[in-house]
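Here are the chains, one letter per residue:
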Amino acid sequence: MSFVRLALLGLLVLAAQGAAAAVLQLGPADGSRQALGIPGSVQQLAGPGDSDAAELLSGARDADFAPYAGQPLRCDSGHGCWLRFTLARDADAPPDWWLRLRTVRTGTLTLYQVPQGTRATGLAHTPRQFPLNWRYVDTEQFFELTLGTAPSTYYLHIRDVVSADGVSLLQERAFDRQQRRLATLLSVSLGVTLALMVLNLVFWRWLRDTLFLHFGAFLAVAVLLHLWQIVPAMATPERMGDMSLRGGLQALMQTATVLFIARLFDFRHQLRGGERAVQACVLANLLLGLGSLLGHQAALETWVAVADLAGMAGALAAVAWLLFVRQQWHLAWPAVLVTVIALTSGLGRLRWLGLVEAGPDEGLGLTWAAVRLVYMLLLAITVADRTRRAELQLRQSRRRALDEAQRAERLLEDKVRQRTEELHGSNARLASEIERRREAEAGLVSALATERRILQQQREFVSLVSHEFRTPLAVIDAAAQSMGLPGVEAQPRLAKIRRAVHRLRTLVVNCLAEDRLRSAATTLRREPLDLRAVIGGAVAQFGAQERERIRWQLPAAAASVHGDAALLDVAVHNLLQNALKYSPAQGEVHVRLAQEAGHAVVDVEDQGGGIAPGQHERIFERYFRGDSAGSTGGTGLGLFLGSQIARAHDGSLALLRSGAKGSAFRLRLPLLPADEIQEIRT
Ligand code: ADP
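Rules behind the numbers
Residues numbered from 1 in each chain as written. Predicted model: local features only at pLDDT ≥ 70, side-chain atom pairs only at ≥ 80, totals over all residues. Heavy atoms only, no water. Helix = DSSP H or I, 4+ residues; strand = E, 2+ residues; numbered from the N terminus. Buried < 20%, exposed > 50% of the residue type's maximum accessible area, 1.4 Å probe, protein only. Contact = heavy atoms within 4.5 Å. Areas by Shrake-Rupley, 256 points an atom, 1.4 Å probe, with all protein chains shown as cover. Pairing = 2+ DSSP bridges. Axes fitted to C-alpha atoms, helices over the stretch in contact; angles between N-to-C directions. Phe/Tyr/Trp six-rings, centres within 6.5 Å; stacked < 30°, edge-to-face > 60°. Lys NZ or Arg CZ within 6 Å of the ring centre and 35° of its normal. Core = buried A, V, L, I, M, F, W, Y, C linked by side-chain atoms within 4.5 Å. Near = heavy atom within 4 Å. Polar contact = N/O pair within 3.5 Å; in protein donor to acceptor, adjacent residues only side chain to side chain. Nonpolar A, V, L, I, M, F, W, Y, C, P; charged D, E, K, R; others polar. Disulfide = S-S within 2.5 Å. 1 Å grid on protein atoms, 1.4 Å probe; cavity = no way out; pocket = protein on both sides within 12 Å on 5 of 7 lines; lining within 4 Å. Points joined across faces, edges and corners; volume = space filled by probe spheres on them. Parallel < 35°, antiparallel > 145°, perpendicular 65-115°, else oblique. Left-handed = near helix turned anticlockwise from the far one by under 90°. Expected span 1.5 Å × (residues − 1). Salt bridge = Lys/Arg side-chain N within 4 Å of Asp/Glu carboxyl O.

*Asks:* Give a detailed account of the overall build of the protein, specifying residues and quantitative values.
*Replies:* A count of helices and strands for the protein gives 16 helices and 20 strands. The buried share among the 682 residues of the protein stands at 43%. For the protein, the proportion of contacts with a sequence separation of at least 24, taken over those separated by at least 6, is 76%. For the protein, the computed accessible surface area is about 35300 Å², with 59% contributed by carbon and sulfur atoms.

*Asks:* Quick one: what's the story with the sheet that holds strand β20 (residues 662-670), residue by residue and with numbers?
*Replies:* One open sheet holds the five strands; their spatial order is β15-β17-β18-β20-β19, and the pairing between them is mixed. Edge strands, defined here as strands with exactly one partner in the open sheet, are β15 (550-553) and β19 (652-659). Taken over all neighbouring pairs, the strand axes of this sheet differ in orientation by 15° on average, direction set aside. Strand direction decides the pairing type here: strand β17 (residues 589-596) and strand β18 (residues 599-605), joined by seven bridges, are antiparallel.

*Asks:* Kindly report on the packing of aromatic side chains, identifying the contributing residues and their values.
*Replies:* Inspection of the entire model under this criterion finds 14 aromatic pairs. Summarising the aromatic geometry, the rings of F203 and W206 are spaced 6.1 Å apart at their centres and angled 25° between planes, so their arrangement reads as stacked. Taken as a pair, F203 and W206 lie in helix α3 (residues 172-207) at a separation of three residues, close to a single helical turn. F203 sits in the partly exposed class, given a relative accessible area of 21%. For W206, a relative accessible area of 63% puts it in the exposed group. Centroid distance F265 to F267: 6.0 Å. Interplanar angle 20°. Geometry classified as stacked. An identical accessibility class is assigned to F265 and F267; each is buried. Here the aromatic cluster, defined as three or more aromatic residues joined through ring pairs, consists of W98, F142 and F175. Over the face of the ring belonging to W204 we find R205, whose NZ or CZ atom lies 5.8 Å from the ring centre. R349 extends its terminal NZ or CZ atom over the ring of W352, reaching a point 5.8 Å from the ring centre.

*Asks:* How would you explain the nonpolar core if you had to name every residue and give the values?
*Replies:* Proteins that are soluble and globular tend to have nonpolar side chains buried together. Ranked by size, the top nonpolar core spans 48 residues in total, and within it L531, L576 and F665 carry the most contacts. If you tally residues by element for this core, the top one is helix α14 (residues 565-581), at nine residues. F215, A222, L264 and F267 belong to the second largest nonpolar core, which has 43 residues in total.

*Asks:* A description of the site of the ligand should follow, citing residues and the corresponding values.
*Replies:* What surrounds the ligand is a group of 21 residues, the closest being N578, Y582, D606, R625 and S628. At 2.6 Å from an oxygen atom of the ligand is found a side-chain nitrogen or oxygen belonging to S628. One of the backbone nitrogen or oxygen atoms of T635 is found 2.8 Å away from an oxygen atom of the ligand. Here the ligand, which alone exposes 530 Å², has 98% of that area covered by the protein. Where the shell around the ligand is concerned, the elements lending two or more residues are α14, α15 (638-648) and β20. By residue class, the composition of the shell around the ligand is nine nonpolar, nine polar and three charged.

*Asks:* Give me the state of the cysteines: which residues, what numbers.
*Replies:* Evaluated as defined, the whole model comprises one disulfide. Each sulfur in the disulfide pair C75 and C81 lies 2.0 Å from the other. An S-S torsion of about -110° defines the bridge between C75 and C81 as left-handed.

*Asks:* Please provide a residue-by-residue account of the layout of surface pockets, values included.
*Replies:* Rolled over the atoms, a probe with the dimensions of a water molecule shows which regions are left empty. Each pocket or cavity is described by its volume, and for the second largest pocket that value is around 440 Å³. Along the walls of the second largest pocket sit 20 residues, with D209, R386, R389, A390 and Q393 positioned nearest its centre. By residue number, the principal contributor to the lining of the second largest pocket is helix α9 (residues 365-483), which donates nine residues. In terms of residue class, the lining of the second largest pocket is made up of seven nonpolar, six polar and seven charged.

*Asks:* Let's hear about the packing of helix α5 (residues 243-264) against helix α7 (residues 274-325): which residues, and what values?
*Replies:* Each pair of packed helices gets described by two things: the angle between the helix axes and the distance between those axes. As a packed pair, α5 and α7 sit with axes 10 Å apart at the nearest point and diverge in direction by 20°. Our classification of the angle between α5 and α7 gives roughly parallel. When you trace α5 past α7, the crossing you get is left-handed. Class assignment of the residues belonging to the contact of α5 with α7 gives a composition of 18 nonpolar, eleven polar and one charged.

*Asks:* Hey, could you go over helix α8 (residues 332-352) for me, with residue numbers and the actual values?
*Replies:* End to end, α8 covers 30 Å across 21 residues, agreeing with the expected 30 Å (1.5 Å per residue, within 8%). Trailing α8 by a residue or two, G354 shows a phi angle of about 80°, which is positive.

*Asks:* I'd like a description of the environment of T153, backed by residues and values.
*Replies:* Tracing the backbone shows T153 in strand β12 (residues 152-159). Relative accessible area serves as the criterion here: at 8%, T153 is assigned to the buried category. When the C-alpha positions of T153 and R84 are compared, they lie 7.1 Å apart, and in sequence the two are 69 residues distant. In terms of polar contacts, T153 uses its side chain to reach the side chain of T86, at 3.0 Å.

*Asks:* Please set out the environment of Q545 residue by residue, giving values where relevant.
*Replies:* Relative to the helices and strands, Q545 is located in helix α13 (residues 544-549). Linking Q545 and Q586, residues 41 residues apart in sequence, is a C-alpha distance of 9.4 Å.

*Asks:* So what about the side chain of Q113? Which residues, and what values?
*Replies:* Relative to the helices and strands, Q113 resides in strand β8 (residues 108-115). Given a relative accessible area of 17%, Q113 falls into the buried group. Polar side-chain contacts of Q113 include one of 3.3 Å to the side chain of Y154.

*Asks:* How would you summarise the packing of helix α10 (residues 490-518) against α14 if you had to cite specific residues and measurements?
*Replies:* Two elements in contact, α10 and α14, have axes whose closest approach is 10 Å; the angle formed by their N-to-C orientations is 130°. Looking at the two axes, α10 sits oblique to α14. For the pair α10 and α14, the sense of crossing is left-handed. For the pair α10 and α14, contact is made by H502, T506, V509, N510, A513, R516 and L517 and by A566, L567, V570, H573, N574 and Q577, respectively. Counted by class, the contact of α10 with α14 contains six nonpolar, six polar and one charged residues.

*Asks:* Requested: an account of the side chain of Q615, with residues and values cited.
*Replies:* On the secondary structure map, Q615 appears in the loop between β18 and α15. According to the relative accessible area criterion, Q615 is buried, its value standing at 13%. Ignoring anything within four residues of it in the chain, the contact list for Q615 reads F624, G626 and D627.

*Asks:* Outline the pattern of salt bridges, supporting the account with residue identities and numerical values.
*Replies:* For the structure shown, the criterion picks out 26 salt bridges. Here E596 and R666 are joined by a salt bridge, their closest N and O atoms 3.9 Å apart. Taken as a pair, E596 in strand β17 and R666 in strand β20 lie far apart in primary sequence, 70 residues in all. When the shortest N-O distance is used, the salt bridge between R666 and D603 registers 2.7 Å.

Here's what the structure looks like:
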């Protein structure tokens, strides 16, 4: 059947030049499932306007019509175009048909019908529009036809239409099916858009990322555009909705798109002057939208298109720069999305402006609906990707914050530890300082006590000395008085006088020696001495009674020392005097001089009562007088001077032993080296 018709059509095309078009006979299967294209049955004529309609419908200019091969017609200037075709149906074909024409930026369309055999002015039809598509590329125009078995010729006048093509016929049920499909797609699209919008608003509230708000705003405008075409179509199927409102919504859509893309790529921070450009674009679109809403849609729609094109071109350039110059490859997904949006939308706009003949879509609303769903999908992927990145960033920043907190905690612990150690250190220092001060204080207290004791001793010494002076002086005085008395023997008196004088002399010598020893370094008059002579000299100072008690043992060889003769004499004399003094009246005193290990040793032993064990150390202190002293005279200087004199000669004085059988003291003095002795002798 269709082969026969095609052959017929071919013949018609060949015979069409200058002749009336052949009748297109429509069978029951034609246009029943999908639209039947009829470009071959159509003739075209460019030029004549509305005023020529009557002439055209009368058939007077049928010869001027030329065959139309289906190419896009440009009918946007002058008087527009006329299309002419003749239709008839088979008896078994249904009478209700629809004529469809695809147009870009539709102006005015008028269909005239001239039944065969009449020359009457035909019935004028206005098209019914069921675009169900808010895009601006193609609009499908439908004319309802009632075909008879007898042929009718149709004249279609197209004016102010940028482009028109796709003349086709559909049976009523095919038309219904197509419309239902479009309505379904549109409803699905609306549902998806609405769901995405709500989801984005939830994301925005949840993640506080304004990208979701931007995308939500974009989707909200998309919802409004859906509603713009669905709501009027629900009431009056052939109505498309208010065009001013559409102009306003389109401008709003462009605004939302620009803002979303700017936010997606962070133009504000990524591009110098990016924020300004975005603001300018938004402002221009808002002004255009406002103008459209105020009723200037027809005058402004071209500028809306230009603003859209400029925005898309700018977005594409910026994205390309970010991607290829700044190498920000993580923006690849959003870049694909923006490219798809910009290319499809841009090409559609160019077609709508009449600058390109064909775009990616040849005008099926179905394709556009599919494209819109793909948009949504890509946008959703982009937003999901962005969400994933945000989540990752959040996790990273949380981890960083945790690390930071842990590091700060460690630092704090270190600092606390350090401070604690410092505190311990300073505590220890403080404790040692306190200890030191306590010791110093104790030292001071003991020094004070010593000082007090010495003062006390000094006081005692002075009283002692005055007593010591008084006694021998009284003795001397009494002896001198008694010596003049008659009958008094002079000898024992003289001995008494001599002892008293000896005591006084010893006292004075000891005082002088102490005085010299206070500054021993300057006043020591050292010379080589033979200790035998020193001992001899000391013994000789005693009276005859004392000398008898002294048993001395001197070596044959000299015991030479380097010393102060006067001081050494004092030391030996004091030892001898103590030995005599603290022994019974007849007790012997042994003096022995020996040499051992480079030292001369003088041992003085007595047969006295000894020294109390607790006083062995103290007897060498200045002014100390022990228990053994009893009531015997003394100053407590003897042993003190002896030990000081020994030390001044690099020697020592020590108590060897002391007990009930007597005491033994030892004076040690370094011997002179043999060669120096030689020198002395010579
Ligand atoms: P002084 O004999 O003038 O009291 P010394 O310094 O010579 O002072 O002696 C100090 C003390 O040591 C004496 O008071 C005495 O108690 C004791 N002392 C010294 N030599 C002897 C000794 N040979 N036997 C017993 N006690 C002695």
